[in-house]
Amino acid sequence: MNPSYNNGWVFSLIIMKKLALSIFTFLVTITCQAQHFDLVPLGIYGGEQEDNLSAYLVGTPRDTAFLCLDAGTINTGIRKAIVLKSLNGSVETILHNQIKGYFISHGHLDHLSGLIINSPADSKKNIFAIDPVLQILQNHYFITDTWINFGDQGQKPILGKYHYNSLQEGLEMQVPNTALSLTAYELSHVNPYKSSAALVRHDNHYLLYLGDTGADRVEKSDQLDKLWNTITPLIKNKQLNSILIEVSFPNNQPENLLFGHLTPNLLLEELLKLKEKTGLKNLEGLSIVVTHRKPTGDNHEIIKNELLKNNPLKINYVFPEQGKKISLN
């Protein structure tokens, strides 16, 4: 055999192997960077602006089936999202056909007033919540004295438009007519008042949404610590890259006047605890969508500046705008 021919064949084989490895690496990179969730904020604030209160549609890319994470503002947020081309269709079509259900984290009005007000115009669908929140809906909102009972349990007459789904902590539940599942975890929001978080799953990828919560140290609780333990393996495996969590007040808010909320310093305090569980390297690329900023005065801008100025973990902070779609991996 001609030695030069043999050498040429070996050289070609090496080139082909290198090319195959490059293609494989490229595909892995693309897969890791793929966008797994679309988020459309219908409302972003934690008070005062009644047309812009906590509500986030979450779905999968190129799909029009959404779960609404809290429901402080619905109609105004949909209209804003249509203008910004984050949603397609009429307000009625989106409300009726694209929002498949609601996760309600706790019973405060800035997280569910949009659900209540829009209930006469809504279609039949599911409400997901832990039992204490369902009890608040049944006993205080969907009753004749304050509205009327659009739920399927509670005070008569029962209109039955909304089906209550009781979420048990740590047990996953499928969201009908979507590609999503969710699991609830309790939070402390002025201990012992219960708020909750939703761990949303699509295939093997996760997004974590927290309702109102205080820091464990201030709340004299361990709910966030338990939640961090739950999500640590998911972060290490790069299955969870996005967390929606509240920061309601700037750092100058006294801790005795937080009323179960976080400041930038308290969020960092909690993230440092998470880092001890995951390791610093595993937090690289973590996106945190900052929710529930109180819009009093310049507070929302002060909170943003304080988070960005003191960011030793190099977190990718995302500050949502009403109606503007966010793609998350």
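For clarity, every value in this text was computed on a predicted model and none was experimentally measured.

Asker: Please explain the packing of helix H7 (residues 223-236) against helix H8 (residues 264-278) as it appears in this structure.
Answerer: A pair of packed helices is captured by two measures, namely the crossing angle of their axes and the spacing between those axes. Taken N-terminus to C-terminus, the directions of H7 and H8 make an angle of 45°; their axes are 9 Å apart at the nearest point. Between H7 and H8, the crossing angle belongs to the class labelled oblique. Considering how the two elements wind past one another, H7 and H8 form a crossing that is right-handed. Counted together, Leu 224, Asp 225, Trp 228, Asn 229, Ile 231, Thr 232, Ile 235 and Lys 236 of H7 and Glu 270, Lys 273, Leu 274, Lys 277 and Thr 278 of H8 form the full contact between these two elements. Residues belonging to the contact of H7 with H8 are distributed by class as follows: 5 nonpolar, 3 polar and 5 charged.

Asker: What's the story with the nonpolar core in this structure? I'm lost.
Answerer: Grouped together as the largest cluster of nonpolar side chains are 55 residues, with contacts concentrated most on Leu 69, Ile 74, Tyr 102, Ile 127, Leu 137 and Leu 207. Ranked by residues supplied to this core, first place goes to helix H5 (residues 131-141) with 5 residues. Discounting chain neighbours no more than four positions away, the residues touching Leu 137 are Leu 112, Ile 116, Ile 127, Phe 142 and Tyr 164. If you look at the next biggest cluster of nonpolar residues, it comprises 36 residues, including Tyr 206, Trp 228, Leu 266 and Leu 307.

Asker: Sorry if this is basic, but what is going on with the sheet that holds strand E13 (residues 287-291) here?
Answerer: The pairing of strands in a sheet happens through backbone hydrogen bonds and is either parallel or antiparallel. Pairing is mixed across the open sheet formed by 7 strands, whose spatial order is E8-E9-E10-E11-E12-E13-E14. A strand with exactly one partner marks an edge of an open sheet, and here the two such strands are strand E8 (173-174) and strand E14 (316-318). The pairing of E8 with strand E9 (residues 181-188) spans 2 bridges and is antiparallel. Counterpart to Gln 174 in the pairing with E9 is Ser 181.

Asker: Sorry if this is basic, but what is going on with the pattern of salt bridges here?
Answerer: Pairing of side chains with opposite charge becomes possible as their charged atoms draw close. A complete count under the given rule lists 10 salt bridges for this structure. Salt-bridge contacts for Arg 201 lead to Glu 172; the nearest nitrogen and oxygen are separated by 2.7 Å. Here the residue Arg 201 occupies a position in strand E10 (residues 194-202), and Glu 172 occupies one in the loop between strand E7 (158-166) and E8, the gap between them amounting to 29 residues. One continuous salt-bridge network, built from bridges that share partners, spans Arg 217, Glu 255 and Glu 269.

Asker: Sorry, what's going on with the pairing of E10 here?
Answerer: Successive side chains on a regular strand alternate, one facing one side of the sheet and the next facing the other. Taken across its 9 residues, E10 has 7 buried, putting it largely inside the fold. Both E9 and E10 contribute to a ladder of 8 bridges, which runs antiparallel. Each bridged residue has a counterpart across the sheet, and for Ser 181 the counterpart in E10 is Arg 201. Counting the residues that bridge the hairpin from E9 to E10 gives 5 residues, and of these Val 190 lies at a positive phi of roughly 65°. Note that E10 and strand E11 (residues 205-210) share 6 bridges and pair antiparallel. Bridge assignment links Val 200 to a residue of E11, and that residue is Leu 207. Once E10 ends, the chain turns through 2 residues before running back antiparallel as E11, passing Asp 203 with a positive phi of about 55°.

About the cut-offs
- Residues numbered from 1 in each chain as written.
- Predicted model: local features only at pLDDT ≥ 70, side-chain atom pairs only at ≥ 80, totals over all residues.
- Heavy atoms only, no water.
- Axes fitted to C-alpha atoms, helices over the stretch in contact; angles between N-to-C directions.
- Helix = DSSP H or I, 4+ residues; strand = E, 2+ residues; numbered from the N terminus.
- Parallel < 35°, antiparallel > 145°, perpendicular 65-115°, else oblique.
- Left-handed = near helix turned anticlockwise from the far one by under 90°.
- Contact = heavy atoms within 4.5 Å.
- Nonpolar A, V, L, I, M, F, W, Y, C, P; charged D, E, K, R; others polar.
- Core = buried A, V, L, I, M, F, W, Y, C linked by side-chain atoms within 4.5 Å.
- Buried < 20%, exposed > 50% of the residue type's maximum accessible area, 1.4 Å probe, protein only.
- Pairing = 2+ DSSP bridges.
- Salt bridge = Lys/Arg side-chain N within 4 Å of Asp/Glu carboxyl O.

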